[in-house]
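Understanding the architecture of this molecule
These are the residues of each chain, in order.
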Amino acid sequence: SVYALFVLIVRRKPQENNFKAVLACIRDLVGSPVSLPLWLHDVLLGYGDPSAASYSSLLLADADAKLANPGAEDDEMQGVVAVARQGAAEDAVGAGSREVDVFDTFVDETHVVQALGPSSLASPGLTAGAAGLRVLVELPDGSLRPAGAEGDMEAEDSVRPPFKLLLPPPLAPGAAQPTEARTAVVRPYSPRALSPYPQDALRMNGVRFTQAQSEAVLASAHHGLTVVVGPPGTGKTDTAVQIITNLCHSSAHSRTLVIAHSNQALNDIFDKVVGRELDERYLLRLGHGEGDLATDKDFSKTGRVNYMLGRRLTLLVRVEEIAAALGVPANEGAGYTCESAGHFFHQHLLAAWELFLEQTGGATPAAVALCFPFAELFADAPQPLFAGESRQGDLEQARVCFAHLRALFTELEECRAFELLRNSHDRGNYLLTKHARVIAMTCTHAALKRSELLSLDLQFDNVLMEEAAQVLEIETFVPLVLQRPDPATGKSRLQRVILIGDHHQLPPVVKNAAFARYSNLGQSLFARLVRLGVPTVELNLQGRARAQLADLYRWRYAQLGDLPAVASEQRFLQANAGLAHVRQFVHVPPFRGQGESTPVAHFFQNLGEAEYVVSTFMYLRLLGYPAESISIITPYNGQRALIADVVSRRCAPYAEFGNPGKIATTDKFQGQQNDFILLSLVRTKHVGHIRDVRRLVVSVSRARLGLLVFGDRQLYEQCEELKPALSQLLSVSDKLQLLPAERYPTSRLVSAPLPPALEVVDTEHMMALVAEMAFDSRRRAELAFRGEELPDAPETQPADDAVPATDDAESADEGAPAAAVGDDDTGAAPERDLD
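Residues numbered from 1 in each chain as written. Predicted model: local features only at pLDDT ≥ 70, side-chain atom pairs only at ≥ 80, totals over all residues. Heavy atoms only, no water.

**With respect to the pattern of salt bridges**
Side chains that carry opposite charge are capable of pairing whenever their charged atoms lie near each other. Scanning all chains against the criterion turns up 38 salt bridges. One salt bridge connects Arg304 with Glu280, and the closest N-O pair in it is separated by 3.2 Å. With a gap of 24 residues between them, Arg304 in helix H9 (residues 301-325) and Glu280 in the loop between helix H8 (263-274) and strand S9 (283-285) connect regions that are remote in the sequence. Judged on exposure class, the residue Arg304 and its partner Glu280 are both buried. Between Asp692 and Arg694 there is a salt bridge; the shortest N-O distance is 3.2 Å. (Salt bridge = Lys/Arg side-chain N within 4 Å of Asp/Glu carboxyl O. Helix = DSSP H or I, 4+ residues; strand = E, 2+ residues; numbered from the N terminus. Buried < 20%, exposed > 50% of the residue type's maximum accessible area, 1.4 Å probe, protein only.)

Structure (structure tokens):
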């Protein structure tokens, strides 16, 4: 045979061939010393007190150390948390108070009371148990007043963020609860970035974080280990973004490493960080997934270097304009380089500012406006620049204007390194190791580039890991050791480790069954820490899905409630047009005598379910649903490929259908969501992957407004693991019940009585119904194009013996067979051209 003479060599792309590099990283970790903070050692190894690395334990240990050695300096308590100064607020809080910069975590003082006040459910580490905290507000003169609850005070009297909180020390384990509520003080402060231009105003947070989310943010402000458990829809990503924002605003030198298992999850969190009040010149996204960000800006190393060089040119042009406005001769070259711009600032601007301060020492308000040397530079700012009402107010406005100028030259000073370095490689390395303050990468990229990052002497203070429960233990460990000891102290610079995830959702993927079973590689570090009893903050209010949909997985969590918006927002109150039920299990009988099939080993497909699911998607599109609001998911790659093929033939070529928002496997869809989810379970012989409750939780928690599950009822209702969710889905008929006369969006409410519904018999019946609806839709479009009118057909009504939509499956089964559009007297689906 001629084929025996062929030699086939397959070489994977270097970007995809990660396995060897990851193994090399593991080998290097085993054979070389690593740098970790002492407080993290024992907890990672599983020794000693599980709570030893939590912030409350570290604060108590630090307080004990200070009592033993009062002269010792605290070299770890940096950034967000500071030792409080002495004053009336400190006297009210008591000994051991600490000041925490929460920036814009709380939208107003009422929000603080809701999160920390007597009615809050915050942990004993922050409050005095059920008594909560008595919240006071510090006024500009240093006096204190009680913080107002919602509706207790006028809007103009309420203080606005950014805030610092003065908190009492945490309670020692086993300590008796105080009989009276302890005190916390809200301390408003002015942000550092000032400008007279309205467009430069800070973009403050508008999310009213729940008590548990606020607790997670406050815990992450302290140095130590923070573990946040986030059930589906509880705002893990928003909480992570707020933590990153606070860490960046707390210290100009704090550097944060953001890690996620997948590019999709990393991009989700990075996109939200970009939209917050963080200067984009400090943001860096490493890895090949950067191109998938939902922004036109380039956040790769090359893109950020080009951005800094572009900013340099723009700012130097502005310096030339300032010099010309101040009458500085052009031959001085004020805007020639960043260095010359710095000399210009000190020689002309700073000197003029100091002279202005001397001249206005005891001047009138009119003199302030008259003496201000930079008025011409702010001619495009809102006028008048100075109100002239008070000397102090005008001086403050002058300081704002000068701060704006100083910020320009400060940014130019940061651009100077990019000016001096002569090639893009050196500029990129400088950006990574010295300039960027938020560095995002996947855990795989961290393993691939560890040796390179160590050689560059990368240093960082914080590690935040999203999707931590889906990451292998070794992949969680690698980002923690991406730096050498700090040359100045000889210790690890790492101050905070924040792990955010949900061990009730999908675990790490280990394809080798022996490793997964006997080496327990399927257990993530996140899950192990939870099992060991490490203190966690569990987010307990979901705002993603209708309450009926959240009930499908609520049983898996000890305490999972709904945000008030779930019961009040219009989108949750409205019914789903054309669907009798918000959630339903649809039994799919064998399609033309066949259930599941395996064209190749372990490649499971079910043509009947694929056709049924795609026909349902087409039905929803004909009712007016946006295509991007519908996603199709399945536990199997084979079924995903089959559904994609059916969609490409039946939907993609036609504008009235198009492609759904996403067709994906359950595993790939974790961390994502959509309004309507069509879930295909595929198997008809064995239950398969969905038996894992964690995969079930992910599958049924992706939908916001509607969920349809397609499968074999006889197979899945016998599975004990699925019964808590399946029993709820089967509380209504297992035949798809439709209201084809409705159009999207409908005015019908979920709470309204259900009209009689059309009951779909099987896959072929659904395909025939969609074919008829599509024909009518195209006929109407054709007549409309010709300018003719089609008489409205009488609204299709179910026959007298049709089965009404009920909440009781047994009562539905007892009814007569439902009449269907186009059915004959026998109730069988009509013969149609299904294509």
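**Focus on the pairing of strand S3 (residues 133-138)**
Across the 6 residues of S3, 5 count as buried, placing the element largely inside the fold. Here S3 pairs with strand S6 (residues 182-188) via 5 bridges, running parallel. Within S6, the position partnered with Val135 by the bridge is Ala184. Both S3 and strand S4 (residues 144-146) contribute to a ladder of 3 bridges, which runs antiparallel. When the bridges of S4 are listed, Glu138 appears paired with Leu144. Between S3 and S4, which pair antiparallel and follow one another directly, the connecting turn spans 5 residues, one of which, Gly142, has a positive phi of 90°. (Pairing = 2+ DSSP bridges.)

**Things to note about the sheet that holds strand S11 (residues 462-465)**
Within the open sheet, the 7 strands sit side by side as S9-S10-S8-S11-S12-S7-S13. Their pairing is parallel. At either end of the open sheet lies a strand with only one pairing partner, and these are S9 and strand S13 (536-538). Across this sheet, the average inter-strand angle for adjacent strands is 15°, counted without regard to direction. For strand S8 (residues 256-260) and S11, the ladder comprises 4 bridges, and the chain directions are parallel. The residue bridging Leu257 from the neighbouring strand is Val463, located in S11. Each of S8, strand S10 (438-442), S11 and strand S12 (496-501) is contacted by helix H7 (residues 236-250), which is oriented at about 165° to S12, the strand it contacts most. (Axes fitted to C-alpha atoms, helices over the stretch in contact; angles between N-to-C directions. Contact = heavy atoms within 4.5 Å.)

**Side note on a nonpolar patch on the surface**
A cluster of nonpolar side chains, Val2, Tyr3, Leu5 and Phe6, forms an exposed patch at the surface whose accessible area comes to about 550 Å². Tracing the sequence through the fold places Val2 in the segment before helix H1 (19-31). (Patch = residues over 30% accessible without salt bridge, like charges linked within 9 Å, V, L, I, M, F, W, Y side chains within 5 Å. Areas by Shrake-Rupley, 256 points an atom, 1.4 Å probe, with all protein chains shown as cover.)

**Concerning helix H19 (residues 547-554)**
Buried within H19 we find Leu549, Ala550, Leu552, Tyr553 and Arg554. The inward-facing, buried residues of H19 abut strand S14 (541-542), strand S15 (561-562), strand S16 (583-587), helix H25 (693-700), strand S20 (703-711) and helix H27 (723-729).

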